[in-house]
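Below, each chain spelled out in residue letters.
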Amino acid sequence: MGAVSVAMAIEVQGITKRYGNRVVVNDVALRVPRGQIYGFLGPNGSGKTTFLRMLCGLLTPDAGTGSCLGWDLRTQAREIKKRVGYLTQRFSFYEDLSLEENLDFVARIHGVPGRKAAVNRSLEALGLVERRRQLAGALSGGWKQRLALAACLIHQPELLLLDEPTAGVDPKARRDFWEEIHQLAARGLTVLITTHYMDEAERCHHLAYLAYGNLLTQGSVDQVIAGSGLRTWEASCSFWTCSEAMNLAGLGARGSSRSVTVVRCGAIGCPVGRLVPEADNCAVWRAPAGWSVYPVGEGCPFKDAFGREAAATWTTMNTTLPVLDSQAAFVDVGSEHMHVSIAGGRPEVFGAVTGELHRLRDWLQAQGVRSVAMEATGVYWLPLYGVLEAAGLRVLMVNGKHTRNLPGRKTDMQDCQWGATLHAHGLLRGGFVPPAHIRRLQDYLRLRQDHLTLAASHVQHMQKALERMNVKLHDVISNLVGVSGRAVIEAILAGERQPLRLLALCDAQIQKRKAERVQEALRGTWAEEHLFALRQAWESWKHYQGQIAACDAQIHQVLQALQATLPGAKDPDSGSPGPVARKRPGLHAPVIPGLDELIRRLCGGRDLTVLPACTSYSVLQLIGEIGLDLKAWATAKHFTSWLGLAPGSHQSGKRHRGTGRKRNRAGRLLCVMARSLARSKNMALGGFYRRMAARRGGLVAIIATARKLAVFIWQTMVKGLDFVEAGLARYEARVLETKQRTLHRLAKQLGLTVLPAPKAQ
């Protein structure tokens, strides 16, 4: 039989398929017109998938005859396969290939001419262009179905066989999928689809119901309903805003903010389950207090799963949760796209380039948005935050954990709508973000720290090169890049090999105390390749020293600009000198003239360097992370909790479960500062650290000491309290007094008396 133009895409009679003694499809006769959407309903195991496989030539029927697209099912299966697109129940594409690679593979199998152009057309038709490089295994269920449909259509089939394509897919993806199916049918494509959803069945032109291999009924939707013999009802609605409708609903005078919907029906029972009968004969229904009922199609914000607006579809919504800001916006930040929603409305998508960020800002201002919330996603949020902050909008950075409780599948569209809904109801709380001038200082300090880390790695490379030459200089000199170490390395690279001459370049104390050891350590093999490695490491280390010096200059400029904004500001380099620094500035501290006095001025005259373990450099690093105004935290407990230094806890009823807190950069810096107190001799915090380490271990002791140090910093900056070091002896005396009071209290509870030990004669 040749391919001829026929009115029926599928025409079969008596089709039967058996597996052993079990009849899977029993004597099925079916006629499917061209250009129609034919729905195939039935429970699991009813034979729907087997019937589809016989239609597309994958299975041969045991009995019966028929044709598909004018080709015989039994003898011309190969021709049928070329003209049919089959979407299976399970996702059957390579998950380790991208979308574009999967479509290219399918196009090669079908021998599609102009394969690359065909793949691009399929990607554009199904909205997959932006995901073309994404791996298929990383897609959600809805996007996987889009990919499968694109693969089915890439060779332009005449018949589309879809086997439960929307099972387990979220409502929005189902709606989009069905819109695409109807567009294909409008272009003349025949679709045979199996489904479990009755609302999807109503979208089909014709239906057939298959139960355990037997075809029970078929026809149009109205014909199937009429032939079922079941009683149905239909509700008609009208939206009232006049005083008569308000009186019916018991709302009183005009001007109430509650929406009123009156439903008239002839059946017994509420069509939505939450309406209250207004009369005994169920002629009028109204919404109870606290609820609003919206008819779809008359201003209702809700739609069914396919976006249809039919008068028979109703929903209810609890309106007791107040909307605090109807123009609150939320941005789901990404590396390439920004998804924005206002109060949970339809999302808008913008790019991530500067021009798109400005367009996003202008759009928000045109919509009257005053407050915008977003999640901190890597560093992608920083440019947008700066643009919105400069525009005068209130920008909140929220914790991603507070917006994750979204039902259904996670998508960027749903995330921004859910976040905007929470923000409109005032359920999001912004985190701490330093002001712009502090963020500028923070960037320079973090860049400088990166340079220090990279420079330290090149010191290790120098040590390795010396070790390969059996030069043990780094074993006898504590600092390889100190004054003596630098002089010796430069001399070695200049060609000097005599240990005595190299020793003469060292400091006088080294020559006096370690002369013999240094001479022995400087006898090496001097291999050319290791000298080359030493030279490269030395030059790299010097390069990063220059980068660090450039950062110091920029940090100095930022500090001067900050100091100039203070009332009564003066140049710290001029005028009377400030107090002499009592501490060294700290290891790797920036070379900035008058750094101690400059920091003291920035802190409002408060000298944080009097606190234990606080040097001018560590205080500068803290300022770069927490800023100068610590009133952003209401109490010291709020401050230590934000740092991640407070004990974690979680309680639900009688169940207590400990949850750790993640320490941020400032919290980790305080832990490093607290660790320096381990060997202090006369500081009270040093004694506290050692006592805690003996009881709970070193890690807990570091965190506990860092928390105390954070409390001192908050009290000094906010309350203006002057810290006075009580000393180790006073701390130990207070600990002893506490132990004595505890001992006396326990003895009193047990009816005993504590007496001091008699003094030795």
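Residues numbered from 1 in each chain as written. Predicted model: local features only at pLDDT ≥ 70, side-chain atom pairs only at ≥ 80, totals over all residues. Heavy atoms only, no water.

**What about the overall build of the chain?**
The number of helices and strands found in the chain is 26 helices and 23 strands. For the chain, the proportion of contacts with a sequence separation of at least 24, taken over those separated by at least 6, is 63%. In the form shown here, the chain has an accessible surface area of approximately 41,500 Å², with 51% of it arising from carbon and sulfur atoms. (Helix = DSSP H or I, 4+ residues; strand = E, 2+ residues; numbered from the N terminus. Contact = heavy atoms within 4.5 Å. Areas by Shrake-Rupley, 256 points an atom, 1.4 Å probe, with all protein chains shown as cover.)

**A few points about helix 3 (residues 99-110)**
Since the α-helix advances by 3.6 residues per turn, residues separated by three or four positions end up pointing in the same direction. With twelve residues, helix 3 extends 17 Å between its outermost C-alpha atoms, agreeing within 8% with the 16 Å of an ideal straight helix rising 1.5 Å per residue. Buried residues of helix 3: Leu99, Glu100, Asn102, Leu103, Asp104, Val106 and Ala107, and no others. Elements in contact with the buried residues of helix 3: helix 4 (115-125) and helix 5 (141-153). (Expected span 1.5 Å × (residues − 1). Buried < 20%, exposed > 50% of the residue type's maximum accessible area, 1.4 Å probe, protein only.)

**Side note on a nonpolar patch on the surface**
On the surface, Tyr94, Phe105 and Ile109 cluster together into a nonpolar patch covering about 320 Å² of accessible area. Within the element layout of this structure, Tyr94 appears in the loop between strand 6 (84-87) and helix 3. Taking the relative accessible area as the measure of exposure, Tyr94 reaches 47% and is therefore partly exposed. (Patch = residues over 30% accessible without salt bridge, like charges linked within 9 Å, V, L, I, M, F, W, Y side chains within 5 Å. Salt bridge = Lys/Arg side-chain N within 4 Å of Asp/Glu carboxyl O.)

**Here we look at the nonpolar core**
Counting residues in each nonpolar core, the largest one holds 54 residues, and the members touching the most others are Leu441, Leu559, Leu670 and Leu709. Sort the elements by how many residues they give to this core and helix 25 (residues 698-719) lands first, with ten residues. Setting aside chain neighbours within four positions, we find Leu709 in contact with Leu611, Pro612, Ala613, Cys614, Leu670, Met673 and Leu685. One finds Ile37, Leu41, Leu153 and Val191 within the second-largest nonpolar core, a separate group that totals 38 residues. (Core = buried A, V, L, I, M, F, W, Y, C linked by side-chain atoms within 4.5 Å.)

**What about the sheet that holds strand 5 (residues 71-72)?**
Ordered in space as 2-1-4-5, the four strands form an open sheet in which the pairing is antiparallel. Two strands close off the open sheet at either side, each with one partner strand: strand 2 (22-33) and strand 5. As judged from the two bridges shared by strand 4 (residues 63-68) and strand 5, these two strands associate in the antiparallel manner. If you follow Ser67 over to strand 5, its bridge partner there is Asp72. Contacting strand 1 (8-19), strand 2 and strand 4, helix 1 (residues 48-55) crosses the sheet at an angle of about 120 degrees to strand 1. (Pairing = 2+ DSSP bridges. Axes fitted to C-alpha atoms, helices over the stretch in contact; angles between N-to-C directions.)

**Brief notes about unusual backbone geometry**
Positioned with a positive phi, Gln156 is a non-glycine residue whose angle comes to about 55 degrees. Mapped onto the fold, Gln156 is located in the loop between helix 5 and strand 7 (159-163). In this model, Ala613 sits at a positive phi of 70 degrees, which is unusual for a non-glycine residue.

**Concerning the pattern of salt bridges**
Under the criterion given, the structure shown has 22 salt bridges. Residues Arg359 and Glu356 are paired through a salt bridge, measuring 2.9 Å at the closest nitrogen-oxygen approach. Here Arg359 pairs with Glu356, and both are found in helix 10 (residues 354-366), just three residues apart, close to one helical turn. Salt bridges linked by common partners bring Arg34, Glu79, Lys82, Arg83 and Glu158 together as one network.

**Section: the packing of aromatic side chains**
Tallied over the entire structure, the rule returns nine aromatic pairs. A ring pair is formed by Tyr94 and Phe105, whose centres lie 5.5 Å apart and whose planes are at 80 degrees; its orientation type is edge-to-face. You can see Tyr94 sitting in the loop between strand 6 and helix 3 and its partner Phe105 sitting in helix 3, a full eleven residues away along the chain. Both rings, one in Trp633 and one in Trp642, keep their centres 4.9 Å apart while their planes meet at 50 degrees; by these two values the pair is tilted. Of the residues examined, Trp633 reaches a relative accessible area of 6% and is grouped as buried. Its relative accessible area of 27% is what places Trp642 among the partly exposed residues. Connected via pairs of aromatic rings, a cluster forms that spans Phe432, Trp633, Phe639 and Trp642. Here Arg497 stacks its cationic end above the ring of Trp526, 4.9 Å away from the centre of that ring. For Lys708, the ring lying beneath its charged end belongs to Phe688, and the centroid distance is 4.9 Å. (Phe/Tyr/Trp six-rings, centres within 6.5 Å; stacked < 30°, edge-to-face > 60°. Lys NZ or Arg CZ within 6 Å of the ring centre and 35° of its normal.)

**A look at the confidence of the model for the chain**
Per-residue pLDDT for the chain has a mean of 79; in total, 82% of the residues score no lower than 70. Counting interchain partners and residues more than four positions distant, the pLDDT-below-50 stretch residues 233-319 has 147 contacts. This model gives residues 571-581 a pLDDT under 50, and the stretch forms eleven contacts once residues within four places in sequence are excluded. (pLDDT = per-residue confidence, 0-100.)

**Some remarks on the environment of Leu559**
Looking at the element boundaries, Leu559 is found in helix 19 (residues 528-564). Residue classification places Leu559 among the buried positions, given a relative accessible area of 0%. Taking the C-alpha atoms as reference points, Leu559 and Leu441, separated by 118 residues in sequence, lie 7.9 Å from one another. Every residue in contact with Leu559, bar those within four places of it in the chain, is listed here: Leu441, Ile592, Leu595, Leu598, Leu602 and Leu620.

**A word on the pairing of strand 19 (residues 348-351)**
Where strand 18 (residues 337-342) and strand 19 come together, four bridges link them in antiparallel fashion. Of the residues in strand 19, the one forming a bridge with His337 is Gly351. What sits between strand 18 and strand 19 in their antiparallel hairpin is a turn of five residues, with Ala343 showing a positive phi close to 55 degrees.

**Side note on the side chain of Asn664**
For Asn664, the location among the structural elements is in the loop between strand 23 (655-657) and helix 23 (665-675). Only 3.0 Å separates the side chain of Asn664 from the backbone oxygen of Trp642, close enough to count as a polar contact. A polar atom in the side chain of Asn664 sits 2.9 Å from the backbone nitrogen of Gly667. Apart from residues no more than four positions distant in its own chain, Asn664 is found in contact with Trp642 and Leu643. (Polar contact = N/O pair within 3.5 Å; in protein donor to acceptor, adjacent residues only side chain to side chain.)

**What to know about the sheet that holds strand 19**
One open sheet accounts for five strands, arranged 19-18-17-20-21; its pairing is mixed. One side of each edge strand has no neighbouring strand; the edge strands of this open sheet are strand 19 and strand 21 (394-398). On average, adjacent strands in this sheet sit at an angle of 25 degrees to one another, irrespective of strand direction.

**Quick notes on the pairing of strand 10 (residues 214-220)**
With six bridges joining them, strand 9 (residues 206-211) and strand 10 adopt antiparallel strand pairing. Paired with Leu210 across the two strands is Leu215, which belongs to strand 10. Linkage of strand 9 to strand 10, two consecutive antiparallel strands, is achieved through a turn of two residues, within which Tyr212 is found at a positive phi near 55 degrees.

**Notes on the packing of helix 5 against helix 6 (residues 171-186)**
Between two packed helices, both the angle of their axes relative to each other and the distance between the axes serve to describe the pair. Helix 6 packs onto helix 5 with a crossing angle of 15 degrees between their chain directions and a minimal axis gap of 10 Å. Regarding the angle of helix 5 to helix 6, the classification is roughly parallel. In the packing of helix 5 onto helix 6, the handedness of the crossing is right-handed. Listed contacts from helix 6 to Gly142, Gln145, Arg146, Leu149 and Leu153 of helix 5 are Ala173, Asp176, Phe177, Glu180, Ile181 and Leu184. Broken down by class, the residue content of the contact of helix 5 with helix 6 amounts to six nonpolar, two polar and three charged. (Parallel < 35°, antiparallel > 145°, perpendicular 65-115°, else oblique. Left-handed = near helix turned anticlockwise from the far one by under 90°. Nonpolar A, V, L, I, M, F, W, Y, C, P; charged D, E, K, R; others polar.)

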